[in-house]
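Listed here are the chains, written in short residue letters.
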Amino acid sequence: MRTGLAALGIIIGVVAIVSLGMAGVALQQQATSDLGSLTNEVSVSAGADSDEDGVTEDQVEEIESIITDAQVIPQKTNSTEIETRSGNAYVSVTGVTNASALYDVSSGTAPDRLETGALISNSTAQELGLEVGDPVAYEGQLYRIRGLIEADDGFGGGGRGELVIPVSGLRDQQYYDSVTIITGSGDTAEATADRLEERFNVDGRDEEEELQINTFAGAQESINSFLNTLQLALLGIGSISLVVASVAILNVMLMSTIERRGEIGVLRAVGIRRGEVLRMILTEAMFLGVVGGIVGAILSLAVGFVMFNLITGDAIAVLEWESSQYLLYGFVFAVVTSVLSGIYPAWKASNDRPVEALRG
């Protein structure tokens, strides 16, 4: 019974440390997924020291002349109320020159040039009973829906719906509200932001914010750093369970050697050496760790499937090395902890004098 309970302690410890390690990986993958392609984007808007209420056409042209290796997409924004027979809904209106670069659609298409077409949030379309091909009106102009924008479950998702139309549809607005620059990677985005900062916001020794330039690449690094720290903390918490289990194994092995003192004395009396007694006790301790580690790893894998399915929606991702490595770590930790816990009982049993052991 004691041996079974000690093995159960090892199993619980392995499940704790492996599950918490996998939880950290799942959270990191979900955070990366939520940020999505934002890490390779640079957002430009009017700065605090700008003379204009937005980004001017001249500034957009200058940005395009500086950034020749990335897509520069100016945008104008507004809001409106869409009315249909099924009801009405307020949406934000975004005018763009290249819709396909910024939006993914769940149905229909997102063409480079919308011309007289439009995109609308999937949630708003469902709310109003709209489908691809239906018309929507903005400022007296009809636009045919070309695609439904995928729901955004990541950062910033879940807000007001969005209607995307050609930028010419917001011709009454003189300036662009923002400019999005899509680069090849997060590092390129940082370099692009630095070039724009140097051109627009640094004038000799004086620094003025003519344009506000933001990138999410730094945010990704900060989130990864935080999650790595969190993962270490979770592993530390899980390892406490294995330490507790090792104490249980120490107790079991110590009690076992005391109860078998006479048996060990007989073995020593008939010529069994100290090293062989030492190996026998350590092998028993290691056997507990191996059994507990294997069972714990199997249960941890099942927990990992459930956890990844709930957090990331992709249960198979638990089999990737980034997360499955914790199965190996948990098993090795269980075996090593068990052997270390058996060293003192094994040493004590092997160093008993045969006569005193037999007498005991």
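Just so it is clear, the structure is predicted and the values come from calculations on it, not from any experiment. (Residues numbered from 1 in each chain as written. Predicted model: local features only at pLDDT ≥ 70, side-chain atom pairs only at ≥ 80, totals over all residues. Heavy atoms only, no water.)

**Remarks on the nonpolar core**
- I10, V14, V18, M22, I249, M253 and F308 are the most contacted members of the largest nonpolar core, which totals 31 residues.
- When contributions to this core are tallied by element, the ones reaching two or more residues are helix 1 (2-35), helix 5 (217-259), helix 7 (274-311) and helix 8 (321-350).
- Looking at this core, the element that brings in the most residues is helix 1, giving 10 residues.
- When residues no more than four places from it in sequence are discounted, the contact partners of V14 are L242, G292, G293, G296, A297, S300, G330 and A334.
- The next biggest cluster of nonpolar side chains, apart from the first, holds 18 residues, and it includes I67, A70, Y176 and A189. (Core = buried A, V, L, I, M, F, W, Y, C linked by side-chain atoms within 4.5 Å. Buried < 20%, exposed > 50% of the residue type's maximum accessible area, 1.4 Å probe, protein only. Helix = DSSP H or I, 4+ residues; strand = E, 2+ residues; numbered from the N terminus. Contact = heavy atoms within 4.5 Å.)

**Details of the UniProt feature "transmembrane region" (unreviewed entry) in the protein**
- The positions UniProt marks with the feature "transmembrane region" (unreviewed entry) are residues 232-256, 277-306 and 326-347.
- End-to-end, the C-alpha atoms of residues 232-256 are 36 Å apart, and along that stretch the chain is 100% helix and 0% strand.
- The straight-line gap between the two end C-alpha atoms of residues 277-306 is 44 Å; of that span, 100% is helix and 0% is strand. (UniProt positions renumbered as here; feature names shortened; annotations may be inferred.)

**Some thoughts on the packing of helix 2 (residues 57-66) against helix 4 (residues 186-200)**
- Here helix 2 crosses helix 4 at 130°, and the two axes come no closer than 11 Å. By the angle between their directions, the pair helix 2 and helix 4 is classed as oblique. In this structure, helix 2 meets helix 4 at a crossing whose hand is right-handed. Contacts between helix 2 and helix 4 involve Q59, E62, I63 and I66 from the first element and R195, L196, R199 and F200 from the second.
- Looking at side-chain class alone, the contact of helix 2 with helix 4 contains four nonpolar, one polar and three charged residues. (Axes fitted to C-alpha atoms, helices over the stretch in contact; angles between N-to-C directions. Parallel < 35°, antiparallel > 145°, perpendicular 65-115°, else oblique. Left-handed = near helix turned anticlockwise from the far one by under 90°. Nonpolar A, V, L, I, M, F, W, Y, C, P; charged D, E, K, R; others polar.)

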